[in-house]
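Now for the letters of each chain:
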Amino acid sequence: MNLILPAPLDLIELPVRMKYEMDEIAEDMNKAASLLIGEIMTKKVITIGPEADISDAAHLMDTHDVKRLPVVDSHGKMVGIITRGDIIGALVRG
């Protein structure tokens with residue numbers, strides 16, 4: 001059996017490196033917590049109507065590389081959401 005032990009400098013460096021990484025994570029979390037939804041949300045939303053076919057939804061999802069589509073009525077009011085999982089479930093139950 002070949003046992004490889006860490007070098008003494010590795011043992012000293014590891015806690016310092018871990019502290020640095022934890023500080024970076026904490027800083028990223030603080031930055032994320034200060035963001036407003038309006039700053040990060042998708043603005044060009046792809047939608048579909050409730051009377052559309054499942055194949056239309058699947059095509060839109062594939063074309064725009066999205067996993068869910070808001071379902072909006074004729075007035076643009078959101079009435080639901082369709083996901084890839086919903087489509088797969090409908091096809092399986094079929």
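Residues numbered from 1 in each chain as written. Predicted model: local features only at pLDDT ≥ 70, side-chain atom pairs only at ≥ 80, totals over all residues. Heavy atoms only, no water.

(A) Main features of the overall build of the protein chain. Tallying secondary structure elements over the protein chain gives four helices and two strands in all. When the elements of the protein chain are put in sequence order from the N terminus, they spell out α-α-α-β-β-α. For a compact globule of 94 residues, the expected C-alpha radius of gyration is about 12 Å, and the protein chain comes in at 24 Å, more than 25% above that figure. Based on the C-alpha atoms only, the size of the protein chain along its principal axes is roughly 70 × 45 × 20 Å. With 94 residues in all, the protein chain has 10% of them scored as buried. Within the protein chain, counting contacts between residues at least 6 apart in sequence, those at least 24 apart form 19% of the total. (Helix = DSSP H or I, 4+ residues; strand = E, 2+ residues; numbered from the N terminus. Rg over C-alpha atoms; globule rule 2.2 N^0.38 Å. Buried < 20%, exposed > 50% of the residue type's maximum accessible area, 1.4 Å probe, protein only. Contact = heavy atoms within 4.5 Å.)

(B) The confidence of the model for the protein chain, seen in detail. Here the protein chain shows a mean pLDDT of 89. Residues at 70 or above account for 98%. Taken element by element, the protein chain is modelled with least confidence in helix α1 (residues 8–33), mean pLDDT 82, and with most confidence in strand β2 (residues 78–83), mean pLDDT 98. (pLDDT = per-residue confidence, 0-100.)

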